[in-house]
Each structure stands twice: as C-alpha cells, then as structure tokens.
Amino acid sequence: MKGGLVIKILIVGYFSETSKSTIARYFPQDWNVVIVPPGQEILHHIEDCHVLVPEHIKVDHSLLSAAKKLKLVQTGAGFDNVDVPACTELGIWVANAAGVNAQAVAEHVMAMIMSFYKNIPFLDSFMKNKLDENQLNYTGSELKGKTMGIIGFGAIGKKVAAFSRVFDMNVLAYARNANVQSDGLVKMTDFDTLVSTSDIISVHIPLNQQTKQRINKAVFKKMKNTTLFINTARGGNSQRKRHD
C-alpha cells in the first residue's frame, strides 16, 4: 500500500504450491500474504504480521508475545487451538468462520454412511483385484427407516439432518442448548435416548471442557451392537503440532 500500511497476513498450514497461489488470489495484491507450514519459520514472520490464520498450531501466550503488531486471529470453524483470554489481554481480536465447512463435512458424513451400508470399499477392492465372483459374499442394507442420531445441532448437524431425511431416515438430535428448535422433521431428544436407539450416530459438537471425552466407554456400551458411529468433530490440541 503506497505511502501507508502494508497489511501482512500470516497463514500457517500444510498447503501445496497450487493451493498457496489460489489462496493468495483472494487477497488484495498490495497485501503481503505469507503461507508457511507449522515450524520454526513461523517465528520469522509472526513479529510483524497483522492477521494470523492458524492451522495445526497452538496460539498461546508464548507465541502471542512475539506478535508485536497482531490485531486479529482468524480461525476456521473452531477456535479451541487459540488462547482467547491471552488474546483478550493483549487486545487481539479472535474470530471464527462458523458454518464455513458445514456442507463439506455433512457430505463427508453421508459418504461414510453409504460406504459402510453399501460396502463400497470391499466392492471396490473386489473389482480392482479381479477376484473370483464365487468369493463375492456380502449383504448390503438400505437407509430407509433407519434412525440417524445427531449429537450437536448446529450448522453441520442441521445439514446432516437434511441429507438424512432425503434418504427417508428417522432423525433424532441432541443439543446442549435446550432452546434449540428443529423444523418438525427432526425429533429433539435427550442424550441417552439418542445413544441407545440410533442406528447411526454422528457427532458435531465443539471441543471444550464441557464436551471433552463426552463419548466414552460407558456411552459406547449404551449403543446397540449394530450402531455405526461417525466422528467428524474437531480433534484436540494434542493432535496439533505446536510452534515450538
């Protein structure tokens, strides 16, 4: 920006060169967009960046203390990898893009359901390996009439519910907020009822101190032996690489 401030965006994550070029095109040409993988290279850019977009790193007080010009930490759907109190203390805004990946995640859930009930991985391997047809022994199943249980009824949960209804499934949903309403085609229920009666359970709740280890051994014991359990919710910080 001539005669003024040049905005520096630091994006941390694993991206191909093609992806980096695509991302850079979404920003004004006079902005300085730096895209680096998690690691020591972050420390070379954090000091003078104005906006940080972090993936696979923990944004803690140690990292923030080196970010002298940082004004905003912009995350994706969640912000469990960001120390929000530390950002508040330093006058740094934190924003997330709620619902940004709802369509993609919901489609992925349905893909896994179809893969399981139609035995697609097995059939794909069968064809590619040119096995004898006499060895083909499997039984598929239809989704119609089965009960889908959705834990967490936010943007993703509602999208999964809509997809499930297209397949003529009965849909149950559990939300921690008792004020969450459905459109009448989804039955809101309590956690234990959903877990014990659903044929398929899909988890779509944020990771925090209240939800951590919400699905444990005791919960699995309450499920039917035939229940398909799908977890596409965010993983913990232990799965993320730190900047140090």
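Residues numbered from 1 in each chain as written. Predicted model: local features only at pLDDT ≥ 70, side-chain atom pairs only at ≥ 80, totals over all residues. Heavy atoms only, no water.

Student: Give me the lowdown on the layout of surface pockets, citing residues and values where you can.
Tutor: The calculated volume of the second largest pocket comes to roughly 260 Å³. Lining the second largest pocket we find 13 residues, and of these Ile11, Phe15, Val53, Glu55 and Gly76 sit closest to its centre. Looking at the lining of the second largest pocket residue by residue, the classes come out as nine nonpolar, three polar and one charged. (1 Å grid on protein atoms, 1.4 Å probe; cavity = no way out; pocket = protein on both sides within 12 Å on 5 of 7 lines; lining within 4 Å. Points joined across faces, edges and corners; volume = space filled by probe spheres on them. Nonpolar A, V, L, I, M, F, W, Y, C, P; charged D, E, K, R; others polar.)

Student: How would you summarise helix 6 (residues 155-166) if you had to cite specific residues and measurements?
Tutor: A rise of 1.5 Å per residue sets the reference length of helix 6, with its twelve residues, at 16 Å; its end C-alpha atoms lie 17 Å apart and thus fit the reference within 8%. Residues of helix 6 that are buried: Ile156, Gly157, Val160, Ala161 and Ser164. Projected onto a plane normal to the axis of helix 6, the buried residues spread over an arc of 140° and lie on a single side. The inward-facing, buried residues of helix 6 contact helix 4 (102-117), strand 6 (147-151), strand 7 (170-174) and strand 8 (186-188). A positive phi of about 60° marks aspartate 168, the residue just after helix 6. (Helix = DSSP H or I, 4+ residues; strand = E, 2+ residues; numbered from the N terminus. Expected span 1.5 Å × (residues − 1). Buried < 20%, exposed > 50% of the residue type's maximum accessible area, 1.4 Å probe, protein only. Arc of directions from axis to C-beta. Contact = heavy atoms within 4.5 Å.)

Student: Residue-level account of the sheet that holds strand 1 (residues 8-12), with values.
Tutor: Strand order across the open sheet formed by five strands is 2-1-3-4-5, with parallel pairing between neighbours. Each edge of the open sheet carries a strand with a single partner, namely strand 2 (32-36) and strand 5 (93-95). Neighbour to neighbour, the strand axes of the sheet diverge by 15° on average, direction disregarded. As paired strands, strand 3 (residues 51-54) and strand 4 (residues 72-74) are joined by two bridges and run parallel to one another. When the bridges of strand 4 are listed, leucine 52 appears paired with valine 73. (Pairing = 2+ DSSP bridges. Axes fitted to C-alpha atoms, helices over the stretch in contact; angles between N-to-C directions.)

Student: Please set out the pattern of salt bridges residue by residue, giving values where relevant.
Tutor: Summed over all chains, the structure comprises five salt bridges. Its salt-bridge partner being lysine 128, residue aspartate 124 comes within 3.1 Å of it at the nearest N-O pair. Of the two residues, aspartate 124 and lysine 128 both sit in helix 5 (residues 120-128), four residues apart, roughly one turn of that helix. Of the residues examined, lysine 128 reaches a relative accessible area of 61% and is grouped as exposed. Here lysine 222 and aspartate 192 are joined by a salt bridge, their closest N and O atoms 3.1 Å apart. Taken together, the positions of lysine 222 in helix 8 (residues 217-222) and aspartate 192 in helix 7 (residues 191-197) put the pair 30 residues apart, joining distant regions of the chain. What makes lysine 222 partly exposed here is its relative accessible area of 42%. (Salt bridge = Lys/Arg side-chain N within 4 Å of Asp/Glu carboxyl O.)

Student: Residue-level account of the side chain of serine 164, with values.
Tutor: Take serine 164: it is sitting in helix 6. Polar side-chain contacts of serine 164 include one of 2.8 Å to the backbone oxygen of valine 160. Not counting the four nearest positions on each side in its chain, serine 164 is found in contact with Met110, Met148, Met169 and Val171. (Polar contact = N/O pair within 3.5 Å; in protein donor to acceptor, adjacent residues only side chain to side chain.)

Student: Would you mind going over the pairing of strand 3 in detail, with residue names and values included?
Tutor: In terms of strand pairing, strand 1 meets strand 3 through four bridges, oriented parallel. Counterpart to isoleucine 11 in the pairing with strand 3 is valine 53.

Student: An account of the confidence of the model for the protein chain is needed here, citing residue identities and associated values.
Tutor: Of all residues in the protein chain, 91% attain a pLDDT of 70 or more, and the chain-wide mean is 88. The low-confidence segment residues 238-244 (pLDDT under 50) makes 24 contacts with residues lying over four places distant or belonging to another chain. (pLDDT = per-residue confidence, 0-100.)

Student: Can you explain the environment of aspartate 83? Please cite residues and give values.
Tutor: Locating aspartate 83 in the fold gives a position in the loop between strand 4 and helix 3 (84-89). Distance in space between the C-alpha atoms of aspartate 83 and lysine 158 is 28 Å, their sequence separation being 75 residues.

Student: Please give an account of the sheet that holds strand 7 that cites residues and values.
Tutor: Across the sheet, five strands lie side by side as 8-7-6-9-10; this open sheet has parallel pairing. Each having just a single partner strand, strand 8 and strand 10 (228-231) make up the two edges of the open sheet. Neighbour-to-neighbour, the strand axes of this sheet turn through a mean angle of 20°, independent of strand direction. Bridge count between strand 9 (residues 200-203) and strand 10: four bridges; the pairing is parallel. Pairing of valine 203 across the sheet is with asparagine 231, part of strand 10. Running at roughly 150° to strand 10, helix 4 makes contact with strand 6, strand 9 and strand 10 of the sheet. Where helix 6 meets the sheet, its contacts fall on strand 6, strand 7 and strand 8, and the angle it forms with strand 6 comes to roughly 175°.

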